[in-house]
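Residue-level structural notes
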Amino acid sequence: MFEHFVGVDVSKDSFSFNVTDLREKTLEKGSCGMNHEGFKNFFNVISRFENASVGLESTATYHQPLLFALLARDIPTYLITPFLVKNFARSCSLRNTKTDTIDARIISVFLGKNYAGLRPVSASDSNGLREIARLRESISKKSVAAKIRLKQLVTTTFPELVKEHDIFTVSMITLLEEFPSAEAIRKASLKKIEKVLNSKTKGRNPKLNAEQIKALAAKSVGVCKPMLEKTVLHIIRELNFLTDELKKCDKELIEAVSVYSHEDFEILTSIPGIGKLTAAQFIAEIGDINRFETVKQLTAYAGTDPGISQSGNSLVQKRISKRGNSSVRRIGFLTALHLISMNKVFKEYYDKKIRENMNGKKAVIAVFNKFLRCVFSMLKNKKTFSFNYS
């Protein structure tokens, strides 16, 4: 049990702190710069308080240096989302005005009341796995956006090609890089088109040959404008760059997780339908499984626990809470879809939920929650997958 609680509100260049005791009395408060001298002064202050824990409000990036410094000193640290702090302040009428000093006190009081139900950040969270996993997610989203934009452009410059072929194959991207419109195809020789099509196919024949593409272009209603063609080329270069970076991130993430969490990585990849990348992303997001005492805590962290509405003695179960880690939910939804198609245990469970008149999306979420129960048991007991975990 902690005796002192340190609330920290972080901004770009500084942070405010407030130390309270079990009676919510403020014992010390102040602010420090987000620099070496500021960190030194802060740790000198909190070292005077025995059995202390720190609550750090999560920001996009500003809190990271202080968080890692706290973990390096083995100080029990809790990363608290602004959503929880805001609701707590509203419920207690603690925030009549908003200042960094007041926010720091609110965080310290919140921590003192709720630390038993929170999970401290573990040292394994400081290895940067989550950061590269989030970078990978960001690159993936940008890649999807670039593909959508490219398809829109090609629908303008060569709509027939979009209807007849997947334009995101290697051969089609290479073709569009050389001929970004139907008009450019019409002006090119068959020999040149054929050479471009076969330049990066590694022996595989594209679905459409040079003659068929030439015939499509001859009757195309596509628009030929120099700036449109240039935009197509810009988007293709962007997409090629993002594709290369995504491959690098995938490789680096898998390699890093297999080193830092080798045993957990082997356990997760033992599940039929869970590949190396999915396992790496999942481990990077949840960190050390020992942070979670129960599977309910893990489910709540993912935000796929049911929301509850209470009025008097009436309890109504609502949709999933969505208060947890949105990245885990995104990975989890895609993982569940893959498990349904690749793993008979999860496929049977999905079919069972459908027979119980659960709609498709809810059934997929149910599959993911089942996956979380399996993973929790497997990682806690250090056991690979077997049908006993179903």
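Described in the following lines is the structure provided in the data block.

Parameters and conventions
Residues numbered from 1 in each chain as written. Predicted model: local features only at pLDDT ≥ 70, side-chain atom pairs only at ≥ 80, totals over all residues. Heavy atoms only, no water. Helix = DSSP H or I, 4+ residues; strand = E, 2+ residues; numbered from the N terminus. Buried < 20%, exposed > 50% of the residue type's maximum accessible area, 1.4 Å probe, protein only. Contact = heavy atoms within 4.5 Å. Areas by Shrake-Rupley, 256 points an atom, 1.4 Å probe, with all protein chains shown as cover. Polar contact = N/O pair within 3.5 Å; in protein donor to acceptor, adjacent residues only side chain to side chain. Pairing = 2+ DSSP bridges. Axes fitted to C-alpha atoms, helices over the stretch in contact; angles between N-to-C directions. Right-handed = clockwise from strand over helix to strand, strands pointing away. Parallel < 35°, antiparallel > 145°, perpendicular 65-115°, else oblique. Left-handed = near helix turned anticlockwise from the far one by under 90°. Nonpolar A, V, L, I, M, F, W, Y, C, P; charged D, E, K, R; others polar. Core = buried A, V, L, I, M, F, W, Y, C linked by side-chain atoms within 4.5 Å. Expected span 1.5 Å × (residues − 1). Patch = residues over 30% accessible without salt bridge, like charges linked within 9 Å, V, L, I, M, F, W, Y side chains within 5 Å. Salt bridge = Lys/Arg side-chain N within 4 Å of Asp/Glu carboxyl O.

1. What to know about the overall build of the chain
Along the backbone of the chain there are 17 helices and 7 strands. Here the chain holds 390 residues, and the buried ones make up 45% of them. In the chain, of all internal contacts separated by at least 6 residues, the share reaching a separation of at least 24 is 59%. For the chain, the computed accessible surface area is about 21,000 Å², with 52% contributed by carbon and sulfur atoms.

2. Regarding the side chain of Gln-64
Note that Gln-64 resides in helix H2 (residues 64–72). Side chain to side chain, Gln-64 and Glu-131 meet in a polar contact 3.1 Å long.

3. Structural notes on the pairing of strand E2 (residues 14–20)
A large share of E2 lies buried, amounting to 6 of its 7 residues. With 6 bridges connecting them, strand E1 (residues 4–10) and E2 associate as antiparallel partners. Looking across to E2, one finds that Val-8 is bridged to Phe-17. Hairpin remark: E1 followed by E2, antiparallel, with 3 residues in the connecting loop. Pairing analysis gives 7 bridges linking E2 to strand E3 (residues 26–33), with the strands arranged antiparallel. Each residue of the ladder has a partner; that of Asn-18, found in E3, is Lys-29.

4. Observations concerning the sheet that holds E3
With respect to topology, 5 strands assemble into an open sheet ordered E3-E2-E1-E4-E5, the strand pairing being mixed. A strand with exactly one partner marks an edge of an open sheet, and here the two such strands are E3 and strand E5 (77–80). Ignoring which end each strand starts from, the neighbouring axes of this sheet average 20° apart. Sheet topology note: the strand E4 (residues 52–57)/E5 ladder contains 4 bridges and is parallel. The partner of Leu-56 across the bridge, within E5, is Leu-79. Helix H1 (residues 36–46) rests against E1, E2, E3 and E4 of the sheet, and its axis sits at about 170° to E3.

5. Overview of the pairing of E4
Consecutive side chains along a regular strand alternate between the two faces of the sheet. With 6 of 6 residues buried, E4 is to be regarded as a mostly interior element. On E4, burial covers both faces: Ala-52, Val-54 and Leu-56 on one face and Ser-53, Gly-55 and Glu-57 on the other are all buried. Taken together, the 5 bridges between E1 and E4 define a ladder with parallel strand orientation. Bridge assignment links His-4 to a residue of E4, and that residue is Ala-52. Crossover handedness for the path E4 to H2 to E5: right-handed.

6. Details of the packing of helix H5 (residues 129–157) against helix H13 (residues 276–286)
For the pair H5 and H13, interaxial distance at closest approach is 8 Å and the crossing angle is 125°. The angle between H5 and H13 falls in the class oblique. For the pair H5 and H13, the crossing hand works out as left-handed. Counting all contacts with H5, which are made through Leu-129, Arg-130, Ala-133, Arg-134 and Arg-136, the residues of H13 involved are Leu-277, Gln-281, Ala-284, Glu-285 and Ile-286. Classifying every residue of the contact of H5 with H13 by side-chain character gives 5 nonpolar, 1 polar and 4 charged.

7. Quick look at the nonpolar core
Within the largest apolar cluster, 76 residues are counted, with the highest numbers of intra-cluster contacts made by Leu-175 and Ile-271. Sequence-distant contacts of Ile-271, that is, excluding residues within four places in its chain, are made with Leu-339, Asn-343, Phe-346, Phe-371, Val-375, Met-378 and Phe-385. In this structure, Val-10, Ala-52, Leu-56 and Ala-69 belong to the second largest nonpolar core, which totals 24 residues.

8. Concerning helix H11 (residues 226–260)
The end-to-end C-alpha distance of H11, which contains 35 residues, comes to 51 Å, matching closely the 51 Å that a straight helix rising 1.5 Å per residue would cover. All of the buried residues along H11 are Glu-229, Val-232, Ile-235, Ile-236, Leu-239, Leu-242, Leu-246, Cys-249, Asp-250, Leu-253, Ala-256 and Val-257.

9. What about a nonpolar patch on the surface?
Taken together, the side chains of Phe-333, Leu-334 and Leu-337 define a hydrophobic patch exposed on the protein surface, amounting to about 250 Å² of accessible area. The residue Leu-337 is located in helix H15 (residues 326–342) in this model.

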